[in-house]
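Here are the chains, one letter per residue:
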Amino acid sequence: VKRTKQHGRQPPSPPGLPLIGNLHQLGILPHRSLWELSKKYGPVMLVKLGRVPTVVVSSPETARQVLRDHDLDCCSRPSVEGARKFSYNYRDIAFSRYDDYWKELRKLCVRELFSTKQVNLIQPIKKTEMKKLITSITESASEETPINLSETFLSLNVNVVCKASFGVSFQGTVLNNEKFQGLVNEAIEMMGSFSASDFFPYTGWIFDRFTGLHARRERSMRDLDAFYEQMIDLHLQKNREDRSEDDFVDLLLKLEKEEAVLGYGKLTRNHIKAILMNILLGGINTSAITMTWAMAELARNPRVMKKVQSEIREKIGENKKERIISLDETYQLNYLKMVIKETWRLHPVSPLLVPREVTSEFKINGYTIQPKTRLHVNTWGIGRDPQVWKDPEEFVPERFMDCDIEANGQHFELLPFGGGRRICPAMYMGATTVEFGLANLLYQFDWKLPEGAEVENIDMDEAFGLTAHKKHDLLLVPVKPLDL
Ligand code: HEM
C-alpha cells in the first residue's frame, strides 16, 4: 500500500501501464472487469483510467460510507465528454455539478413531475396506452407470432412519457418509432462510452475522431435536438386544441419567458432541452430495460413465471375482457415485487451508477480519497457477491421473503436507484411503471419461447453504455390463456 505524507494511505491499485494506467483492463463490460479486479484488490480500489484517478467501491459497507456517511464530500459529477454534449454543457440534473442550480432544478422537477401526486395524475394515460398494447398483443397471440419485447416496452414507455411529460403524442413528430428506438439506444451508449477525451485531456479528442465516436455523437445529438425543437415549437403554437391544461414543457417555457433564475442564472432554451433529455433518456429506457430483463429471467425460470402469474390472477381475480390492473391494485402483488427486486439485483440498470466526483477529502476503510477523484459504486458486483447473497447466480425471488431489503437507497446491498443526494429522483415513477407494465402483461398472457428455442439457450448478454441493457432483443410468443 502506497503511503505519502501528503496523501495518506491510498487504496490498493492493480498495476497499470504508463500513460493508459488500467484503461486496458476495463474490457467491453467494465462493471464485470472491475468486479473481477476488486476480488483481488478489495472493496475500495483505486484504478487509473488514463490520467483520471478513479475509486471503485464494491461492497455494501463501502457503498454505505460513500452514499451515506460521506455523501456530501462526493456528490458532484465529473466533466465527462459524452455527457457534456448530451446535457447541453451539464445543464441537466444528472450531470450537473453539485451546486444551487442542481438543487433548485431537482426540487422543481420532483414537485412538478416525479412526485407521487404527479405520477398518480398520469395513470389514465398509462391505462389508455396499456389497453392499446393489449389489443395489439392479442392479435399476435391469435396468430402465435413472437413479439419483440425489448421494442414493445420501449415504445410503450415512449408513448406514455411523451404524452405525460411533453403533452404531445409521439406519432407525428420528426421521429418515427423505429428511428427513435435506435436513437435512444445510440445516445445512451454514447453517453456511457468511455471516451478517450475523458482520460487524456489534451490529446484524447484525436482518438475520438479516429474511432468515429465523435461523429456518432454529433449525429445522435443533432437528431435529438431536432426532436426537442419540434416539441417546443408545438408548445409555442397558440390555440392548440388538443390540450386543455399546461404540461411540464409549458411550465419550463413560462419560466424561460419570465426570465426565472435557477441557481446561477437565467433558465434558457438550452437548459430546457437538457432537462427534456433527462426525462426522455432517463425516463424511457430505464424502466424498459428492467421489464425486458424481468421477462427474460421469467422465461428462463418457468417455476417463477408460473408462481408470479398465479399470484396476479388469484389476487386480481376474474379477467373481464381487457380489464386493466390499476396501480392501486399492484400493492398486493408481493411476489411480483420480489421478482422485480431480484431482477434489479442481477441486472441493475446502471451497474456502476452515474460517476461521482470527490470535492473534499475523506476516508473509506482508512484509505484517503482525494478531491477530484472519480468514484463509482459497483452495484452489479454487490448484487453477485457470494458474501452478501446465497447462490448469487440463481434467480430466486423468495430470498426477499423474510428480509427487509428495499430498493430505496437505504439498503446498500441493493441499489438499483443509487443513493444519497444523487439518488434517482424518479424512483417512484420508475418502480410503478415497471410494476404496472409487468402486472398487466403477465395477467393477460402466458408467454412461451418461439418455435425451436430452448430455455437453457436464452442469451443473457449485456451491452454496456451508461445503462446495461440486454444486448439481443427478447422475443416471446404471447398466448391468451383459455380460462381468461
Ligand atoms: C426503473 C426505472 C429507473 C431506474 C432503475 C433508475 C436508476 C437511476 C440511477 C441508478 C441513477 C443514478 C443514481 C446515482 O448516481 O446514485 C438515476 C439517476 C437519475 N434518474 Fe433514474 N432510474 C429510473 C427511472 C427514471 C425515470 C422514470 C426518470 C425520469 C423521468 C429518471 C431520471 C433520473 C435523473 C434525472 C437522474 C439524475 C439524478 C441526479 O444526478 O441528481 N429515472 N436513476
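It should be emphasised that the depicted structure is a prediction, and the values quoted were computed from it without experimental measurement.

1. With respect to the overall build of the chain
Looking only at helices and strands, the chain features 17 helices and 15 strands. Summarising the internal contacts of the chain: among those between residues at least 6 apart in sequence, 75% fall at separations of at least 24. Entry remark: accessible area of the chain is about 21,900 Å², with carbon and sulfur atoms responsible for 52%.

2. Structural notes on the confidence of the model for the chain
When pLDDT is averaged across the chain, the result is 86; 86% of the residues are at 70 or more. Taken together, the chains of this predicted complex give a pTM of 0.91 and an interface ipTM of 0.98.

3. Some words on the site of the ligand
Residues in contact with the ligand amount to 27 residues; listed here are only the nearest, Arg77, Trp102, Arg106, Arg422 and Cys424. Separating an oxygen atom of the ligand from a side-chain N or O atom of Arg77 is a distance of 2.9 Å. In the model, an oxygen atom of the ligand is placed 2.9 Å from a nitrogen or oxygen of the Arg422 side chain. Listing elements by their share of the shell around the ligand, those giving two or more residues are helix H4 (100–114), helix H13 (269–300) and helix H17 (427–444). Ranked by the residues each element gives to the shell around the ligand, the list is headed by H13, at 6 residues. For the shell around the ligand, the class distribution of residues is 14 nonpolar, 10 polar and 3 charged.

4. Comments concerning the packing of aromatic side chains
A full pass over the atoms with the stated rule returns 6 aromatic pairs. Their ring planes at 55° and their centres at 5.8 Å tell us that Phe227 and Tyr228 sit as a pair that is tilted. Both residues of the pair, Phe227 and Tyr228, count as buried. Residues Phe445 and Trp447 carry aromatic rings whose centres are separated by 5.8 Å and whose planes lie at 70° to one another, so their mutual orientation is edge-to-face. Judged on exposure class, the residue Phe445 and its partner Trp447 are both buried. Note that Arg345 overlies the ring of Trp389, its terminal NZ or CZ placed 5.5 Å from the centroid. Above the ring of Phe445, the side-chain terminus of Lys480 is found at 4.6 Å from the ring centroid.

5. Some thoughts on the UniProt feature "transmembrane region" (unreviewed entry) in the chain
Mapped onto this structure's residue numbering, the UniProt feature "transmembrane region" (unreviewed entry) falls at residues 275–296. Taken as a whole, residues 275–296 contains 100% helix and 0% strand, while its terminal C-alpha atoms sit 32 Å from one another.

6. Details of unusual backbone geometry
Even without a glycine there, the phi angle at Tyr90 is positive, about 60°. For Tyr90, the location among the structural elements is in the loop between helix H3 (81–86) and H4. Within the chain, Lys372 stands out as a residue other than glycine whose phi angle is a positive 80°. Classification of Lys372 by relative accessible area gives exposed; the value is 61%.

7. Quick word on the pattern of salt bridges
Across all of its chains, the model carries 28 salt bridges by this definition. Lys39 is the salt-bridge partner of Glu36, the closest N and O atoms lying 3.0 Å from each other. Taken as a pair, Glu36 and Lys39 lie in helix H1 (residues 30–41) at a separation of 3 residues, close to a single helical turn. Using a relative accessible area of 47% as the deciding quantity, one classes Glu36 as partly exposed. For Lys39, a relative accessible area of 53% translates into the label exposed.

Calculation rules
- Residues numbered from 1 in each chain as written.
- Predicted model: local features only at pLDDT ≥ 70, side-chain atom pairs only at ≥ 80, totals over all residues.
- Heavy atoms only, no water.
- Helix = DSSP H or I, 4+ residues; strand = E, 2+ residues; numbered from the N terminus.
- Contact = heavy atoms within 4.5 Å.
- Areas by Shrake-Rupley, 256 points an atom, 1.4 Å probe, with all protein chains shown as cover.
- pLDDT = per-residue confidence, 0-100.
- Near = heavy atom within 4 Å.
- Polar contact = N/O pair within 3.5 Å; in protein donor to acceptor, adjacent residues only side chain to side chain.
- Nonpolar A, V, L, I, M, F, W, Y, C, P; charged D, E, K, R; others polar.
- Phe/Tyr/Trp six-rings, centres within 6.5 Å; stacked < 30°, edge-to-face > 60°.
- Buried < 20%, exposed > 50% of the residue type's maximum accessible area, 1.4 Å probe, protein only.
- Lys NZ or Arg CZ within 6 Å of the ring centre and 35° of its normal.
- UniProt positions renumbered as here; feature names shortened; annotations may be inferred.
- Salt bridge = Lys/Arg side-chain N within 4 Å of Asp/Glu carboxyl O.

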